Structure formats: C-alpha cells, structure tokens
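An overview of the molecular structure
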Amino acid sequence: MPKTAADYRGDVKPVWCPGCGDFAVLAAIQRSLAAQEIDPSKLVVCSGIGCSGRTPAFLKCYGFHGVHGRVLPTAMGVKLANPELTVLAVGGDGDGLAIGAGHFPHACRRNIDITYIMLDNNIYGLTKGQFSPTSLPAEATASTPYGNIEAELDPILLAITYNATFVARVFSGNPSHMAQIITQAVQHKGFSFIQAISPCLTFAYPYDHYAPRVKMIPEDHDPGNRYAAVQLAMDRQWILLGVFYRDAEAADFGARLEAIAQEAARRAPADLQSILARYE
Ligand SMILES: Cc1ncc(C[n+]2csc(CCOP(=O)(O)OP(=O)(O)O)c2C)c(N)n1
Ligand code: SF4
Ligand SMILES: [Mg+2]
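Residues numbered from 1 in each chain as written. Chains lettered and ligands numbered in written order. Predicted model: local features only at pLDDT ≥ 70, side-chain atom pairs only at ≥ 80, totals over all residues.

Observations concerning the pairing of strand 10 (residues 239-246)
Bridge analysis of strand 7 (residues 166-171) against strand 10 gives four bridges, and the strand direction is antiparallel. Residue pairing across strands places phenylalanine 166 opposite arginine 246, the latter belonging to strand 10. Looking at chain direction, strand 9 (residues 214-216) and strand 10 are connected through three bridges and run parallel. Of the residues in strand 10, the one forming a bridge with valine 214 is isoleucine 239. In this view, the connection linking strand 9 to its parallel neighbour strand 10 by way of helix 8 (residues 226-233) has right-handed handedness. (Pairing = 2+ DSSP bridges. Helix = DSSP H or I, 4+ residues; strand = E, 2+ residues; numbered from the N terminus. Right-handed = clockwise from strand over helix to strand, strands pointing away.)

Describing the site of ligand 1
Among the 18 residues in the neighbourhood of ligand 1, the closest are listed as Gly50, Gly92, Gly94, Asp95 and Gly125. Secondary structure elements with two or more residues in the shell around ligand 1: helix 3 (93-99) and strand 5 (123-124). Among the residues forming the shell around ligand 1, the class breakdown is seven nonpolar, nine polar and two charged. (Near = placed C-beta within 6 Å. Nonpolar A, V, L, I, M, F, W, Y, C, P; charged D, E, K, R; others polar.)

Notes on the sheet that holds strand 7
Read across the open sheet, the eight strands follow the order 2-1-3-4-8-7-10-9; overall the sheet is mixed. At either end of the open sheet lies a strand with only one pairing partner, and these are strand 2 (62-65) and strand 9. Along the sheet, successive strands turn relative to each other by an average axial angle of 20°, direction set aside. Where strand 4 (residues 115-120) meets strand 8 (residues 192-197), six bridges bridge the pair, whose relative direction is parallel. Across the sheet, the residue bridging to methionine 118 is glutamine 195, located in strand 8. Contacting strand 7 and strand 10, helix 8 runs over the sheet at an angle of about 160° to strand 10. (Axes fitted to C-alpha atoms, helices over the stretch in contact; angles between N-to-C directions. Contact = placed C-beta atoms within 7 Å.)

Details of the domain arrangement of the chain
For the chain, the assigned domains read domain 1 (5-249) and domain 2 (250-280). Taking the mean C-alpha position of each, domain 1 and domain 2 sit 38 Å from one another. The interface of domain 1 with domain 2 comprises ten residues on the first partner and four residues on the second. When the residues that make up the side of domain 1 that touches domain 2 are grouped by side-chain class, the tally is two nonpolar, three polar and five charged. (Domains from an automatic or database assignment.)

Considering unusual backbone geometry
One non-glycine residue with positive phi stands out, namely asparagine 111, at about 60°. Within the element layout of this structure, asparagine 111 appears in the loop between helix 4 (103-110) and strand 4. Here asparagine 111 falls in the buried class, since 23 other C-beta atoms lie within 10 Å of it. (Buried ≥ 20, exposed ≤ 12 C-beta atoms within 10 Å, placed from the backbone.)

Looking at the environment of alanine 151
With respect to the helices and strands, the residue alanine 151 is situated in the loop between strand 6 (130-131) and helix 5 (155-161). Remark: the alpha-carbon pair of alanine 151 and leucine 136, spanning 15 residues in sequence, is separated by 6.8 Å.

Describing the site of ligand 2
Near ligand 2, the surroundings consist of Trp16, Cys17, Cys20, Asp22, Cys51, Asn121, Gly125, Cys200, Leu201, Thr202 and Phe203. Residue composition of the shell around ligand 2, grouped by class: seven nonpolar, three polar and one charged.

So, the nonpolar core
Counting 61 residues, the largest nonpolar core has Val167 and Phe244 as the members making the most contacts within it. Not counting residues up to four positions away in its chain, the partners in contact with valine 167 are Ile156, Ala159, Ile160, Phe193, Ala229, Phe244 and Tyr245. Core analysis: the next-biggest nonpolar cluster, separate from the first, contains eight residues, Trp16, Cys20, Cys51 and Ala204 among them. (Core = buried A, V, L, I, M, F, W, Y, C linked by C-beta atoms within 7 Å.)

And the structure:
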C-alpha cells in the first residue's frame, strides 16, 4: 500500500498555538516523506530548542530534541555515524542564526548529505517574542519596544555564499510547493538548506503580512548559476520562493571521504616503505 501523510504522524499531538505556521511545515514534511516512501525506522529528525524544535515529537521517526543552537552538529553526527539514514535537521531562526550561527557555515561547506529546514518566523517564539537575527530593522518586538536597532541576516544569501549545494525558500501559505521542495532537498546528494517562512501569529506577523509579498522565482532562473542565485536572493521587493541554487555535481562529504580512504589504501604500502627506508 502506498504511504500517506498520516503514516508519519507521531504519538504526540502538536501543542503549537492555533494557526501557527509550523503546522503547515509539519504537514509538508509528512507529505514529502510519504511521497518518497521513506521508512520511519530509517528516518532521524534532529531539532534545536524553540517552538519549531518540537517538530520531531509530532512525526513518526527517531527524534533528537537537542540543545539550543546545536541542531546541525547533532544531525551531522547522526549522518556520519550511519550514512544509511535519512537525516532532517529542524530549528528556528534564533536557533540557527543567533546561538547556533557558528555551525551554519561549516555545515554548508562540508556538504554532508542532510536536509536542514529553518522555520523562520522572524522572532523568538518559545520565549515570548524577543527579536531574532531575521527581525527587520525598526521592528518593535517584546525586547525592542522602540524598534530593532540591528540589521537583519538573510539565511538564503548566507547559505549560497557558504557553499551550500542546495538552497531554497518556501512559505507555510503554500504547503504543496513546500512538500515538493522538501522532496527535492532530501533527494539532493549533499547539504540542503530550506528557509521555511512560517508565521508566528502570537508574537510576530500573521499570514497576511507575507502573502502579498511572496512570489515564485522566475521560471527562467538557472539554479546552477551561483551569481544569478545571489542576485535573486538580494531582491528586497519580493520574498521569492523556490530553488535559488543547486549544484548537483559537487561530491558530498561521504563520497570525498570514501575517495580519500581508497587513495590512502592505494598509497599506504609505498608510503610505509619510504618511512621504513629512513631507518635502514
Ligand atoms: C543555551 C540556551 N540559551 C537560551 C535558551 C532560551 N531559548 C529557548 S528557545 C529560544 C529562542 C527560540 O527562537 P527560535 O530559535 O527562532 O525558535 P522559535 O521558537 O521561534 O521556533 C531561546 C533564546 C535556551 N533554551 N538555551
Ligand atoms: S508562539 Fe508563535 S511560533 Fe510558537 S507556537 Fe505560538 S504561533 Fe507558533
Ligand atoms: Mg523563530
């Protein structure tokens, strides 16, 4: 029997606020897993701390709800320990771009075959509405009542320039598109980054704030063109959705490790002889 989204429902019922954008992300992940018929016993979903970090509990999978900001080291470790597993990393904009920001460049450039979904609501949701690195300048939040005085970070631009090999943006208002992109990301051999615009209705913006601003990336965009991807990512008029950048040719970390292991095995006898010759 083909699998359905319901086959990936966890035993715990979501505790998010009614209407939270994270419900749509959860549904899209479930839809994508069903479309790919992924065996739940071979699936690990790691998460950081935040409202978004609760996601693994609501899925049928092995889950690891780790420490705030450490979702990427956890997910990378799981994949390296058992490359047979499908590994998803899920966390918030605060988790990934504030306390955990140091891990983001290295995860991107290492190109380990995992999918990282950042649920971006432009706020710290779980701790009741402090500004986050993606909050816009001048925005009033619980911790910036007179307006945010810092400039925002753009995770798409960062991921492209950090050498991630799959970079996309999706929106909770379009869960079918989100499910398709998650499938492409999981199928991509290497590190995939998805920014999921996921409204926090309680402390930040409602769906209506984003809906008139989102637009699909033009069909003639070539995701293989990194320069064009950076130019698109710098568009400040629209919140563009779709795949900005994809390098399907880059060898992932596992393939590069395997190549080194083979080269070391090939060279070892000669290297060993030259070392022994020094002591003759
Ligand atoms: C080491 C550490 N520092 C701070 C916190 C408090 N804390 C919990 S969640 C969070 C931020 C949540 O924001 P985000 O990552 O954007 O997730 P969201 O709740 O918005 O999904 C903070 C600062 C913590 N749990 N651990
Ligand atoms: S506080 Fe915001 S992010 Fe957290 S569950 Fe509620 S609506 Fe969602
Ligand atoms: Mg957040």
